[in-house]
Structures are given as structure tokens and as C-alpha cells.
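Report on the structure
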Amino acid sequence: MTCTDQIDEVWAALERVTDPEIDESVTKLEFITRVEVEAGSRVRIEFRLPTYWCAPNFAFLMASDMRDAVEELPWVEEVSVQLLDHFSATLINRSVGLKQNFRDAFPGETDGDLSQIRQSFLGKSYQRRQESLMRHALRSGIDASWLVRATLGELKELPLDQEGGSLRNLYVFAWRRIHIGSAEEQLAFTTVDGRPLSLGELKDYLRLVAGVRRTADFNGLICRGLLAARNVNIPGRRENALN
Amino acid sequence: MFTTKSKEKIFIVDAHVHLWDGSTENQKNIHGKQFIDCFYDYHHLSPKEYIWPFEKYQKYTEADFEKDVFGDGYVDVAIFNPQYLGDFYYNGSSNVERNEKFRQKHPDRIIANGWWDPRNGEPGLEQLEKDVEKYKWRGVKLYTAEWKGESKGWKLSDPWAYRYLERSKELGIKNIHVHKGPTITPLNKDAFDVGDVDDAASAFPELNFIVEHVGLPRLSDFTFIAAQEKNVYAGLSVAIALIHSRPRYFTEIISELLFWLGSDRILFGSDYALWVPKWIIDKFIALELPEDVASEIGQQLTLETKRKILGENAARLYNIDIAERSQKLGLTIPTKSKASGERLVAA
């Protein structure tokens with residue numbers, strides 16, 4: 001395998017890492033500024049966030065997810081993830097390198113670990129993807145009464161166009177992480193707590209979860225705008241990006 | 001005063017402006033530099049022709065303010081909502097003395113709010129009393145993400161914050177502007193939480209809580225709280241700056257706010273000098289909700305609603321009689337919106 005192939009593999013692995021709040025890939029958001037492979041097995045990743053003040057817990061989550069995703073590649077022996085230009089970069093970089101948890105990175109400054117926040121954003125990601133898929137299905141002529149009683153298995157069988165198919169893939173991925181261990185016979189569209197939806201409440205429910213999607217989109221827009229402004233003066237910034 | 005094509009007059013209150021000093025001489029440390037750098041990034045949401053050189057952006061003059069806000073910017077009354085940031089800047093990012101001096105130059109056009117920080121404990125409460133006596137504050141701006149020594153922030157629901165809110169109430173401070181942006185501590189909780197506004201707003205129903213930047217980046221959490229607490233208001237600054245680069249998107253945001261809060265609890269703010277008010281107001285007046293967005297919330301963004309957002313709502317919170325004030329400023333008295341009873345709220 002050539003070095004270029006390896007770098008491509010690293011980028012592909014990073015594509016699966018999302019910003020927990022925006023629910024979009026860190027590569028699409030253009031957070032990654034550099035990927036290097038040394039001696040055939042050592043990977044160095046550099047990333048940058050839209051502002052110096054981005055919340056350290058999110059930065060920490062992303063950095064450790066990047067490390068974990070890239071470590072899964074069979075040829076990788078060592079991963080170094082470096083957050084640049086952030087007020088807590090030193091602490092985060094050291095802790096992610098040492099595989100510490102967030103509490104160890106900021107002794108005395110946190111009150112618990114990040115599993116709760118991870119769960120909260122997982123729920124938002126589920127709602128956001130669910131709303132997009134349901135609206136797409138309704139637009140394509142699927143009956144609302146079918147949606148509230150369909151099982152996951154039936155949803156997977158539903159004929160959909162290309163866009164619908166990719167929305168479904170995203171949703172099913174989130175569904176499995178939310179309803180861990182649930183079978184295909186379970187309802188496809190429930191609240192994040194697993195409560196079934198009635199036909200009468202569907203419209204209000206969709207409006208409610210639309211707010212979650214808009215928040216994420218809003219954050220994404222601000223985020224891209226700020227990052228674009230921030231990157232204006234970095235020569236060669238785009239050279240390592242995928243497209 | 002803004003005059004529409006149909007010759008209607010609209011009284012403008014810009015409920016969020018600054019006279020800041022981010023100059024290199026005023027910076028205490030790297031954070032002072034990073035803070036103003038970050039602001040300058042936000043500034044780039046402006047149309048190209050409105051982008052300032054960085055040096056001017058760091059420290060602009062009182063004359064710049066007069067031209068951009070009162071001159072080109074249509075603004076009749078502007079409200080200072082200062083952020084101190086004493087750990088980053090020698091004289092503060094905003095300085096209440098400087099604001100007050102400027103207010104005295106334009107007593108009918110400037111309202112200079114103050115600030116407090118509950119981490120200043122008992123001496124801070126005494127200081128607050130002296131400040132209110134001296135400056136006659138009717139409102140304060142609270143910056144919960146402000147660093148102070150080891151502390152990287154605080155919450156409105158902290159016991160000391162409650163003592164300060166209680167004292168504010170006694171001293172006649174009615175309007176509590178809270179910056180709810182990306183907070184940074186406690187590192188693993190606050191970052192996605194506007195819940196402390198909920199607690200404080202329930203505990204102090206006599207006070208108005210204006211959530212600046214509508215809880216950005218957590219709009220849905222904010223609307224959820226604001227729908228329940230009638231003394232919670234939406235401060236539009238930052239959100240409204242998207243009207244240029246993402247107009248369609250901004251219509252979704254404003255419709256969301258209209259749906260959950262109604263037209264009486266939304267306040268315009270430019271956040272000058274992050275952005276100048278002129279282009280924001282021009283675009284906001286011209287804005288129409290796309291049909292699908294309007295039908296979803298069952299209402300349009302009418303001129304009536306715009307007039308409330310651009311001035312009448314803030315005027316109500318700060319006891320400004322628009323007709324009287326217009327006369328005093330030598331302006332035509334604008335049309336008044338119909339007195340609205342209960343606003344539209346979600347069933």
C-alpha cells in the first residue's frame with residue numbers, strides 16, 4: 001500500500017466522525033487541516049475548530065473519536081491527534097494521547113464524564129434524521145398512518161428513491177444506537193424514549209423535532225461561516241482536504 | 001427612524017450595542033487577542049462592502065458609532081449591553097464609565113445598562129448599589145461564560161446569582177440581558193444548557209430575561225423554555241446577521257420564534273460593532289416569509305410584527321413613550337401597532 005492510499009484510508013475513517021452537536025462529519029465541516037503518515041504506521045492528524053472558544057467537551061469528544069476511528073485501520077500502530085489554536089489545546093491533546101477520560105483532562109473542573117452529553121446528542125441526531133426521513137416519505141406519498149405503525153423491518157423494505165434511501169440509512173444507523181438490542185419487529189418511528197406515536201399527534205411531533213434539526217443546521221451555518229473567516233489567512237489550508 | 005416605501009415611519013430601538021476596546025494596548029494576555037479575533041470572524045457574516053479593516057474593528061470611535069448607528073443605521077434609541085471581560089482587558093472590553101459619558105452626550109438616544117458578576121460576593125453587592133445610585137441602571141447584561149481567575153463561568157441558578165437577582169429587583173433593575181452563547185464551564189454540562197434561564201425566570205417573575213443570541217447555538221432548547229416562561233424574551237443579535245448570507249434560513253429561525261414566543265417578545269439588536277445596523281434593518285424590512293414557512297406557523301411576518309420587533313417591544317421594556325420621544329428628537333410620530341392582547345402561543 002502506498003502512502004497516498006494510507007492517507008486516503010485515514011480520511012475515509014475520519015469521515016465517520018461527527019461533530020456531536022451538528023451531526024455532520026468533521027471532514028465535511030472541514031475541521032481537519034492535515035493528515036500525515038510516517039514510517040508506514042504512524043498517523044498524525046491536525047484539526048482546527050471554528051473558534052478559539054469552542055466548548056472543550058465537544059473538542060475532546062471529536063479528538064478521541066478521531067483517534068478511535070483511525071486506530072481501527074489494521075496497519076495503524078500509533079495515532080496522534082492535535083487540536084490547533086484552542087484555549088485548552090494542550091490539555092486536550094495530552095489527554096487524548098494518553099487515552100484519559102475527560103475528567104482526567106480537566107481535574108476539578110468537570111462534574112461527571114461525557115457519556116451523558118454523548119447520549120443527549122445521540123438523541124438529537126436520532127430526532128433530526130427521523131424528521132428528515134418522515135417528511136421525505138410523506139412528500140413521496142407514503143401515508144402518515146403507515147408511518148406510525150411500520151416496523152423497522154418494513155421500513156427497510158419500503159421502496160424509496162435515492163435521496164430517501166440515504167436518509168433511511170442515516171436514520172437506521174441512529175435507530176440502532178438508540179434502541180440498542182431492539183429487533184426488526186419493533187416500531188420504526190417512536191420518540192427517542194421508545195414511545196409509539198399516534199396519528200393525531202404526528203404533525204405537532206414533527207414540528208417539535210424540526211426545531212432540533214434547525215438548531216443543528218443553524219450551528220452548521222455559523223460554524224462554516226466562522227471557519228471560512230478563520231481560515232482566510234492560512235496558506236495551503238485546502239491542499240490536504242479531500243475535494 | 002426608518003421610512004418605508006409606503007412612507008410609514010418605524011421607530012427603531014437597537015437593543016444590543018457596544019463601544020468596545022479590543023486594541024492591542026488594552027489586551028492583558030493572549031485571550032484578549034483571541035477574543036477580538038473571534039469577533040472579527042463573526043464580522044465576516046456582513047456583506048463585503050461593510051467589512052472594516054481589523055485595526056478599526058479593534059477600537060472604533062464615538063464618531064463612528066454616531067454615524068453607523070444614529071446616522072446611517074436608522075436607530076433612534078440604542079441600548080448598551082456591556083461585557084466587561086476584566087481577565088482579558090485592562091480597562092474591560094466595554095467600560096461603563098466610557099458608556100456613561102457617551103450616554104450623557106445623547107441622553108435621549110442612549111440607554112447604558114450595567115453588569116454584575118455573582119462571583120464578586122458581598123463586596124460586589126455593595127458595589128452594585130453604588131453603581132445603581134450613580135448610573136440609574138434599569139437593565140444589566142450578564143455574561144455567564146466570563147472567566148474570573150480559576151473560574152471559567154457561572155450559572156444564573158447559582159445561590160449567589162439569586163442574591164444578585166434579588167438585589168437587582170429591589171434596586172429597580174427590571175431587564176436582565178443574559179448572553180447565552182457557547183459557554184465553557186462546567187465544561188461538560190453548561191455547553192448545551194440554557195436551563196439556568198428557566199430556573200431564574202420562574203424564581204423571578206417580576207424580572208424580564210432577555211436571552212441574547214436566542215440561546216445560540218441551542219435554539220430549540222431556548223424556544224422550549226421561552227414558550228413556557230412569559231417573562232423570557234428573545235434577543236435577535238447574531239441570529240439576525242444571517243439574514244444576508246442565509247436569508248431563507250433566517251426566515252425559518254424567525255418563524256420558529258414567532259411560533260413559540262409570539263410577536264411581542266422578540267427584540268432587534270445589531271450587536272454593533274459586530275455588524276452595523278443599516279444593512280440588517282434594510283434586509284429585515286424587505287423580508288417576506290416563503291409560503292411554506294408561513295403556512296407552517298400560520299402567520300406572516302407583517303409590517304406590524306416588524307415594527308414591534310424593531311422598536312415597540314424594547315420600548316415597552318424600557319418605558320420609552322415612542323410618540324413623546326419622537327417629538328423630542330424632532331421626528332415624525334410613527335404609526336402605532338394595534339395593542340395586542342394575548343399573543344399567539346402554541347396550543
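For the structure, see preceding data.
The structure displayed is predicted, hence computed values, not measured ones. (Residues numbered from 1 in each chain as written. Chains lettered and ligands numbered in written order. Predicted model: local features only at pLDDT ≥ 70, side-chain atom pairs only at ≥ 80, totals over all residues. Heavy atoms only, no water.)

Let's talk about the overall build of chain A
Regarding its fold elements, chain A presents nine helices and five strands. The linear arrangement of helices and strands in chain A, starting from the amino end, is α-β-β-β-β-α-β-α-α-α-α-α-α-α. The principal-axis extents of the C-alpha atoms in chain A amount to approximately 55 × 45 × 35 Å. Burial analysis of chain A (243 residues in total) assigns 54% to the buried set. Within chain A, contacts between residues at least 6 apart in sequence are counted, and of these 67% link residues at least 24 apart. Total accessible area on chain A stands at roughly 11,300 Å², and carbon and sulfur atoms take up 49% of it. Across chain A, 30 positive and 36 negative side-chain charges occur, with their mean positions spaced 5 Å apart. (Helix = DSSP H or I, 4+ residues; strand = E, 2+ residues; numbered from the N terminus. Buried < 20%, exposed > 50% of the residue type's maximum accessible area, 1.4 Å probe, protein only. Contact = heavy atoms within 4.5 Å. Areas by Shrake-Rupley, 256 points an atom, 1.4 Å probe, with all protein chains shown as cover. Lys, Arg positive; Asp, Glu negative; His and termini not counted. Charge placed at Lys NZ, Arg CZ, Asp CG, Glu CD.)

Observations regarding the interface of chain A and chain B
Contact residues are listed per partner, giving 39 residues for chain A and 39 residues for chain B. Interface area, chain A with chain B, both sides summed: about 3,500 Å², of which 64% is carbon and sulfur. Area buried by chain A at its contact with chain B is led by Trp53, Arg214 and Phe218 of chain A, which between them contribute 23% of it. Taken together, the elements giving at least two residues each to the side of chain A that touches chain B come down to helix H2 (56-71), helix H5 (115-139) and helix H9 (202-231) of chain A. (Buried area = accessible area lost by both parts, 1.4 Å probe.)

Some details on the nonpolar core
The tendency in soluble globular proteins is for nonpolar side chains to be buried as a group. By size, the foremost hydrophobic cluster in this structure holds 105 residues, and its most contacted members are Phe65, Phe209 and Leu257 of chain B. The leading source of residues in this core is helix H10 (residues 247-261) of chain B, at nine residues. Apart from the residues lying within four places of it in its own chain, the contact partners of Phe65 of chain B are Val17, His18, Leu19, Phe70, Ala78, Phe80, Phe102, Ile110 and Tyr272 of chain B. Ala13, Val35, Phe58 and Cys223 of chain A belong to the second-largest nonpolar core, a separate cluster that totals 44 residues. (Core = buried A, V, L, I, M, F, W, Y, C linked by side-chain atoms within 4.5 Å.)

A word on the state of the cysteines
Residues and elements named next belong to chain A. Under the defined criterion, the tally for this structure stands at zero disulfides over all chains. Of all cysteine sulfurs, the one in Cys223 lies closest to Cys54, which takes part in no disulfide; the gap is 6.5 Å. Taking relative accessible area as the criterion, Cys54 reaches 18% and is therefore assigned buried. (Disulfide = S-S within 2.5 Å.)

Thoughts on the packing of aromatic side chains
Residue and element names in this part refer to chain B. Summed over all chains, the structure comprises 39 aromatic pairs over all chains. Taken together, a centroid distance of 5.2 Å and an interplanar angle of 70 degrees make the contact between Trp20 and Phe39 edge-to-face. Of the two residues, Trp20 is situated in the loop between strand S3 (13-17) and helix H1 (30-43) and Phe39 in helix H1; the sequence distance between them amounts to 19 residues. With respect to class, Trp20 is no different from Phe39; both count as buried. Positioned over the ring face of Trp52 is Lys56, at 4.0 Å from the centre of the ring. The cationic tip of Arg109 hangs over the ring face of Phe70; the distance from NZ or CZ to the ring centre is 4.4 Å. (Phe/Tyr/Trp six-rings, centres within 6.5 Å; stacked < 30°, edge-to-face > 60°. Lys NZ or Arg CZ within 6 Å of the ring centre and 35° of its normal.)

So, the pairing of strand S6 (residues 139-143) of chain B
Residues and elements named next belong to chain B. Where burial is concerned, most of S6 is hidden: five out of the five residues are buried. Both faces of S6 are covered, namely the face carrying Gly139, Lys141 and Tyr143 and the face carrying Val140 and Leu142. Inspection of the sheet shows S6 paired to strand S7 (residues 175-179) by five bridges, in the parallel sense. When the sheet's bridge partners are listed, Lys141 is paired in S7 with His177. Between the parallel elements S6 and S7, the chain passes through helix H6 (residues 159-170) in a crossover that is right-handed. (Pairing = 2+ DSSP bridges. Right-handed = clockwise from strand over helix to strand, strands pointing away.)

So, helix H8 (residues 162-178) of chain A
Note on helix geometry: an α-helix contains 3.6 residues per turn, so any two residues three or four positions apart are oriented the same way. Residue and element names in this part refer to chain A. Counted at 1.5 Å a residue, the expected span for H8 with its 17 residues is 24 Å, and the 25 Å between its end C-alpha atoms agrees. Considered for burial, the residues of H8 that qualify are Gly164, Gly165, Leu167, Arg168, Tyr171, Val172, Ala174, Trp175 and Ile178. Packed against the buried residues of H8 are H5 and helix H7 (152-157). (Expected span 1.5 Å × (residues − 1).)

Geometric descriptors of this kind do not, in isolation, establish any biological role.
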